[in-house]
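Read off the chains here:
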Amino acid sequence: MTASLGQAGGGNESMQTGLERSGLPVTELRGALYRRAGVQVGMLRLDLTHPQISGNKWFKLLPLIRRLRAGERPRVLSFGGVWSNHLHALAWLGHQFGIETLGLVRGHPDQADTAMLQDARRWGMQIRFLDRATYRQRDQAEFRRWLSASWPDWEQLPEGGSSAAAVAGCREIWQQIVDPDWQQPDYVACAMGTGGTLAGLIAGKPARTRVIGVAALNLGEAGEAMVRRLLQQAGISDPGGWALDRGLHTPGYGRLPLGLAAFVDAFEQRHAVPLDPVYTVRLLATLQRRILTGQFAPGARILLIHSGGLQGRRGLEQRLRAGASAFHGPHPV
Ligand SMILES: *Cc1c(COP(=O)(O)O)cnc(C)c1O
């Protein structure tokens, strides 16, 4: 079902197998909330894509993976925070294919001992820390000049890997849906960080399907602009039929309110599907709110994208446990 890679370092051969050929399962979520609203909810399990590159990051990096399989050996640098799933995935590719990788990490070396960065280092990624003010300038001309002068001949991937190539890779998520009942759902909903995954889903969607993006950060109107820019960069004309949901107001990345921690726990107990505490938990909480406020007509088929990110859970495991036992609210999941 999934590309099973065996041990890291086992050579490139194992990278040839599986994924594109075999597709991914859709887990149907059943519960009183969905039943009462008369909606059907399925979850496309990108989290099962690959043991190291969990979830959407595989698809975002797919064009690069193909180039590596074809024998190209670029040196690649990119950006992210100390819990970046993207840098984690890139570091693993570097290890697997023997390419040099560099992570420009937002933050201070003192907060750097995360499980994610430990993995990345172990896989040979060089890490350079940038303070927040510098990091914010990463798209400005002066910073770019410094970058190109410091690491000439390195390929630069934007934060989160969201580039035109990532849009093309994420478009292929649609081909992973082998269950014909879920190939043309009424809605597809996906969490959003830098927007590449959402842009790819929009680019490849059937005409009848509406796409809902759930931003993990309060991006305001900038969120839509990010998605439009990515579509444009990928040479895709915006088909419409998509929107961002801004209804959930929670603290941003890395902050997990107790209510959401309890939500993760309740959801896992009910459905036996693990959620990451940044993205998919917000996706599910948003879906719940939309259902409770009657925003889906009875009969609607809603496909959620489980975008993975489960390696990043390690940083919040304690908080998850604390939240689960400290919170006693209603969780109609
Ligand atoms: C990176 C990530 C996202 C966001 O993807 P973008 O393409 O940056 O919008 C969503 N979910 C998970 C689990 C992620 O790791």
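Cut-offs applied
Every chain's residues receive numbers from 1 upward, in the order its sequence appears when written. Where local features are concerned, this predicted model is filtered to residues with pLDDT of at least 70; where side-chain atom pairs are given and counted, the filter is 80 or more; whole-chain, interface and lining totals use all residues. Side-chain numbers come from the whole structure's heavy atoms, not from hydrogens or water. Each helix corresponds to a stretch of at least 4 residues labelled H or I by DSSP, and each strand to a stretch of at least 2 residues labelled E; elements are numbered beginning at the N terminus. Take the residue count of a helix, subtract one, and multiply by 1.5 Å to get its expected span. Burial classes: relative accessible area under 20% of the type maximum marks a residue as buried, over 50% as exposed, and values in between as partly exposed (1.4 Å probe, protein chains only). For every element, the axis is a line fit to its C-alpha atoms; helices are fit only across the contacting stretch, and the angle between N-to-C directions ranges from 0 to 180 degrees. For classification, angles of less than 35 degrees are called roughly parallel, those exceeding 145 degrees roughly antiparallel, those between 65 and 115 degrees roughly perpendicular, and all remaining angles oblique. Two residues qualify as a contact provided that any one of their heavy atoms is within 4.5 Å of a heavy atom in the partner residue. When residue character is reported, Ala, Val, Leu, Ile, Met, Phe, Trp, Tyr, Cys and Pro are called nonpolar, Asp, Glu, Lys and Arg charged, and the others, Gly included, polar. Residue-level confidence of the predictor is what pLDDT reports, using numbers from 0 through 100. Here, strands pair whenever DSSP counts at least two bridges between them.

Moving on to helix α12 (residues 258–271). If you check α12, its first and last C-alpha atoms are 20 Å apart, about what 14 residues at 1.5 Å a residue would give, namely 20 Å. Every buried residue of α12 is accounted for by L260, A261, A262, F263, V264, A266, F267 and H271. Positive phi appears at A272, one or two residues downstream of α12, with a value of about 55 degrees.

Moving on, we come to the packing of α12 against helix α13 (residues 280–292). As a packed pair, α12 and α13 sit with axes 10 Å apart at the nearest point and diverge in direction by 85 degrees. Taken together, the axes of α12 and α13 lie roughly perpendicular to each other. Touching L260, F263, V264 and F267 of α12 are V281, R282, L284, A285 and Q288, all from α13. Looking at the contact of α12 with α13, its residues break down into seven nonpolar, one polar and one charged.

Below, the discussion takes up the confidence of the model for the protein chain. Overall, the prediction assigns the protein chain a mean pLDDT of 88, with 89% of residues at 70 or greater. Per-residue pLDDT stays below 50 along residues 1–18; that stretch engages in 39 contacts with residues further than four places along the chain or on separate chains.

Right, let's get into the sheet that holds strand β6 (residues 154–156). Read from one edge of the open sheet, four strands run β5-β4-β3-β6, paired in parallel fashion. The open sheet has two free edges, formed respectively by β5 (126–130) and β6, since each of these has just one partner strand. For this sheet, the mean inter-axis angle between neighbouring strands, taken without regard to orientation, is 25 degrees. Pairing of strand β4 (residues 101–106) with β5, which is carried by five bridges, proceeds in the parallel orientation. Bridged to V105 within β5 is F129.

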